[in-house]
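The residues making up each chain are set out below.
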Amino acid sequence: MIDFSHLSNSHRRAMELVREAAREKNCRPYLVGGPVRDLLLERAVVDIDIAVEEDSSALARALAKLMSGRVKSFPQFLTYKVTADQMPEIDIATARKERYRSPGALPSVTPGHLRDDLLRRDFSINAMAVDVVEGALHDPTGGEADLRARLVRVLHDQSFIDDPTRIYRAIRLASRLGFSIEPHTGELMRNAITSGALITISKERIWRELFLAMDEGGAPAILTAFLTQGALDVLFGKRTADPARLESAREQIERNPELDRHVLYTATLLRGDASPVDLEGSGFSQKRARNIVQIANELGRFADALLEAKTERQRLRVLKHASPEMLGVLAATQPAESRHVERFHEYQNFKLPLRGNDLEMPGGPHVSRALERTREAVFTGEIPAEHAREFARETALRYLKREEAKS
Ligand code: CTP
């Protein structure tokens, strides 16, 4: 019997409602995959995955009704997602058999028994099910023993060839749980990589795995393992890992969660030699891609420009061209610059008690530019604060004349 008692309140409530819906529809749901693994490890369960051998749509609809929630259906995967306020997301799928017609292709799916559904999965620790009504554990591949031995093990020798995304999943899962990759599984994984299995999947799918890795707390170790195993050669060519820089990126993200972690980690992976071609399939917007290339390629140039700057005004002008992520990297990697980056942040927050109207002149872009120039002048001590209005007026007039002369 599996103990559901250390699930959170909302997860326990969700499981009760699944039981109630099952009674109503006379079917037998199983909790499957990741949540079973996490339940047995007494780790927090996030999403709830349910499999049924019967009609998953009837169970999904009954459950949504009990939860006053909504159902979204994904017919090609025989899956339904039930969501409701204050409830975990619940996926309900018809137990299925999968067949891989060619390596790396998405499998064809047909309804099957619970056992088929467990045997099609990636690792033994993800191939267990718990009967939601009776609490009995179904573990046809020795997953519980592997949990105890702290091992990530595939179910058959063809696994990484059928679905090469499992290469990334194995490394990510082992790192997250502090497990080892079982030696034979490790050998299969390395063979799959060297035999070119990763060429059979799209770059988009690889990037999806890469982003999942970057979302983990232990991202530096996972990304380092991806690189050292050669699992990213298909995207970036051969590159060496720099664990210390990845760790520094992680620390920056931890200190400032607003930073774009995908941008920062990707720039760190591509450090010194990034081009837009490296980002094919990533889905990064042009702006984020530019940011990555800038951090990866231009950090040295930025640091030089800062060294050459003689005045604070010159330094601020260099720093204005850096993204928040670039500023983070600069401060972390060039200790001499961290004070300047801090000053720049102060400058960004520095406000002048002066508005466009205070200048008593016709409005236009010359006014906002002059106010910005005045803000800089007061901040750097070029002029005392009490001269701000006069300075701003003179500057605005000068800009206005220049604009008029041009037109
Ligand atoms: N699965 C698989 N092969 C894949 C992806 C998923 O066999 N390439 C199976 C695994 O059994 C997994 C389940 O589908 O447990 C659900 O996948 P996913 O939600 O990605 O992973 P979880 O194990 O739930 O892990 P996480 O905690 O990262 O969500």
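Residues numbered from 1 in each chain as written. Predicted model: local features only at pLDDT ≥ 70, side-chain atom pairs only at ≥ 80, totals over all residues. Heavy atoms only, no water.

Colleague: Mind showing me how you'd approach the domain arrangement of the protein chain here?
Modeller: By convention, interface size is frequently given as the accessible area that disappears when the constituent parts associate. Its domain assignment divides the protein chain into domain 1 (1-143), domain 2 (150-235), domain 3 (242-349) and domain 4 (356-406). On a C-alpha basis, the centres of domain 2 and domain 3 stand 28 Å from each other. Taken residue by residue, the interface counts 16 residues in domain 2 and 15 residues in domain 3. For the pair domain 2 and domain 3, the summed buried area comes to about 1,300 Å², and 66% of that belongs to carbon and sulfur atoms. On inspection of domain 2 and its partner domain 3, the count reaches one salt bridge. For Glu 280, the salt bridge goes to Lys 203, with nearest N and O atoms at 3.6 Å. The tally of links from domain 2 across to domain 3 stands at three residue pairs in polar contact (both at pLDDT 80 or more). Among the elements of the structure, helix 9 (203-214) and helix 10 (219-229) are those that each provide at least two residues to the side of domain 2 that touches domain 3. (Domains from an automatic or database assignment. Contact = heavy atoms within 4.5 Å. Buried area = accessible area lost by both parts, 1.4 Å probe. Salt bridge = Lys/Arg side-chain N within 4 Å of Asp/Glu carboxyl O. Polar contact = N/O pair within 3.5 Å; in protein donor to acceptor, adjacent residues only side chain to side chain. Helix = DSSP H or I, 4+ residues; strand = E, 2+ residues; numbered from the N terminus.)

Colleague: Explanation requested: the site of the ligand in the structure shown.
Modeller: In the vicinity of the ligand, the contacting residues are Gly 33, Gly 34, Arg 37, Arg 121, Asp 122, Asn 126, Asp 163, Thr 165, Arg 166, Arg 169, Arg 172 and Arg 176. The backbone of Gly 34 places a nitrogen or oxygen atom 3.2 Å from an oxygen atom of the ligand. Within the backbone of Asn 126, an N or O atom sits 3.1 Å from an oxygen atom of the ligand. Compared with its free state, where it exposes 570 Å², the ligand has 69% of that area covered by protein. Among the elements of the structure, helix 2 (34-40) and helix 7 (165-177) are those that each provide at least two residues to the shell around the ligand. Of all the elements, helix 7 adds the most residues to the shell around the ligand, at five residues. Here the residues of the shell around the ligand are counted per class, giving no nonpolar, four polar and eight charged. Counting contributing residues, the shell around the ligand receives three or more from each of domain 1 (1-143) and domain 2 (150-235). (Near = heavy atom within 4 Å. Areas by Shrake-Rupley, 256 points an atom, 1.4 Å probe, with all protein chains shown as cover. Nonpolar A, V, L, I, M, F, W, Y, C, P; charged D, E, K, R; others polar.)

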